[in-house]
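# Summary of structural features
If you want the building blocks of each chain, they are given just below.
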Amino acid sequence: MSVFPKDFLWGAATASYQVEGGFDADGKGLSNWDLFSHLPGTTYQGTNGDVAVDHYHRFREDVALMAELGMQTYRFSISWPRLLPQGRGEVNEAGIQFYSDLIDELLRHNIKPMITLYHWDLPQALQEEFGGWESREIVDAFDEYARLCYQRFGDRVELWSTFNETIVFIGMGYITGAHPPKLTDPKKGIQACHHVFLANARAVKSFREMKINGQIGFVNVLQPNDPISDSPEDRRACELAEGIFTHWLYDPVLKGEYPAELLAMAQQAFGVPYFAPGDEALLKGNIVDFIGLNYYKREMVAHNDDVEGYAINTSGQKGSGRELGFKGLFKLVRNPNGVYTDWDWEVYPQGLTDAIGRIVKRYGNIPIYITENGLGAKDPIVEGEVHDQPRIDYLRDHIQAIGAAIEQGADVRGYYPWSFIDLLSWLNGYQKQYGFVYVDHDNNLARKKKQSFGWYQRVIASHGEQL
Ligand code: BG6
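Residues numbered from 1 in each chain as written. Predicted model: local features only at pLDDT ≥ 70, side-chain atom pairs only at ≥ 80, totals over all residues. Heavy atoms only, no water.

To keep things clear, this is the line we draw: UniProt positions are given in the numbering used here, feature names are shortened, and annotations may be inferred rather than shown by experiment.
Under the annotation held in an unreviewed UniProt entry, the protein carries the name Beta-glucosidase and is attributed to Serratia quinivorans. The record held by UniProt for the protein lists under Catalytic activity (unreviewed entry) the comment "Hydrolysis of terminal, non-reducing beta-D-glucosyl residues with release of beta-D-glucose."

Below, the structure is given as structure tokens:
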């Protein structure tokens, strides 16, 4: 008998900027990524989402493929500037129509939509007007956008999440400078991150005030960190990494407060986060209904007296990156016994079971969705067929790892592999493929089912028994 509960949902995920294209179609405003990706040297070989895989014009064909795959749920994000070209104020009805039609098409095929409100494409107008996440004004603007979405789609959509992976868009936007707005300013980053937590809390509050019939959650990276040795220095370094990568991002949305020790450290070192009157109560009073976990890899951690900075492997040439270090705090190091992808990400399914266990231990038995999980690879084409057995192996092992977490008592309610279709990887272009569906960029973006498509179809049909 299947270990997956009867109403466990099988799905897949994408995000607006990575699939839609139509960057200026039908009144859409520009996003920060529409500009950033056109700056020289920011993305792999200058790739951008201007056209992406043209999901904006081909969503009906894509939903038909989702239905054929047997998907019971689909996680996608809304492009904020498609609805509100200036970030607030005037509504672009054509943008509303697009998502409304997409939702209707999904429901017609019995596919439950899960909406992400923010998957990194900020209206550029708000970046220019007040510095985007750096300003407290963003909290009102985000609430206006969230309310608009609830009002227009809340009658048909039950599963919502506010943010995707704050650590990435804030960490890379404000600390490493690899995402927009391309800053390396921890002080601004920490305060911007605080505004994200406030915006989340306000949007959760509005969701409840508007009595939307559904659940609202927050999606985080799930990255278990393990010390490279048993030495007290490495263990302490690992605790710090776990604190910064995990507790800093999860505590405010699941406990309504920051981890005390780290909060004191940040305020002493940088003088932030600054709390305005009412912030504490807002966070405390608006805990999310569920947590979405995006799991790809774990990291090994060592104490660090020498390394500062990092280099990202964006080419898929093994070993071309250099792992992250914060001098005096910790560094990420390679596991000598680990298995790594071509992008130097450790493949470690056991880490998913372990990390879910750590979440349950710290936050209690909260509802969990695995909102992303997948293998980025260059899939070979042999005699016209897309062969992606390594992806099948990766997903099978991770589904088993979820099964193990469920057997240990975790309340995991759904699985959304990344991604439904090959799409734009923010910094790695179209060469880093994740999908069940291949897109031929040399042939008018034609869709083609991969080997993994038939495999996942059987997984869903057997409710996870046939792996
Ligand atoms: C997550 C994001 O960080 O990982 C996705 O939510 C992203 O948007 C995915 O595409 C895979 O990362 P990458 O860098 O391999 O595209």
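## Comments concerning the pattern of salt bridges
The test is simple: One speaks of a salt bridge when a side-chain nitrogen belonging to Lys or Arg is within 4 Å of a carboxyl oxygen belonging to Asp or Glu. Throughout, exposure labels follow a simple rule: accessible area from a 1.4 Å probe, protein chains only, divided by the maximum for the residue type, with under 20% read as buried, over 50% as exposed, and the rest as partly exposed. Helix and strand assignments follow DSSP, with helices taken as H or I runs no shorter than four residues and strands as E runs no shorter than two, numbered in order from the N terminus.
By the definition in use, this model includes 40 salt bridges. With its nearest N and O atoms 3.2 Å apart, the salt bridge here joins Arg156 to Asp155. For Arg156, a relative accessible area of 21% translates into the label partly exposed. On the basis of relative accessible area, Asp155 is assigned to the exposed category, the value being 62%. With its nearest N and O atoms 2.8 Å apart, the salt bridge here joins Arg358 to Asp226. Here Arg358, found in helix 13 (residues 350-363), pairs with Asp226, found in strand 6 (residues 225-227); they are 132 residues apart in sequence, far enough to count as distant. Since its relative accessible area comes to 32%, Arg358 is described here as partly exposed.

## Focus on the sheet that holds strand 11 (residues 330-333)
Basically, it comes down to this: Two strands form a pair only when DSSP identifies at least two bridges running between them. To get an axis, fit a line to the C-alpha atoms, keeping to the stretch in contact for a helix; angles then go from 0 to 180 degrees between the N-to-C directions.
Within the open sheet, the 5 strands sit side by side as 6-8-11-10-9. Their pairing is mixed. Edge positions in the sheet fall to strand 6 and strand 9 (309-311), since each has one partner strand and no second. On average, adjacent strands in this sheet sit at an angle of 30 degrees to one another, irrespective of strand direction. Note: strand 6 against strand 8 (residues 299-302), 3 bridges, orientation parallel. Residue pairing for strand 8: Asn225 is matched across the bridge by Glu299.

## A few points about the environment of Met172
The condition is simple: Only heavy atoms enter the contact rule, under which two residues are in contact if any of them lie within 4.5 Å.
Examined against the element boundaries, Met172 turns out to sit in helix 8 (residues 166-175). Remark: the alpha-carbon pair of Met172 and Tyr56, spanning 116 residues in sequence, is separated by 27 Å. Each residue touching Met172, except ones within four places of it in the same chain, is listed here: Ile167, Gly177, Ala178, His179, Tyr310, Ile312 and Leu427.

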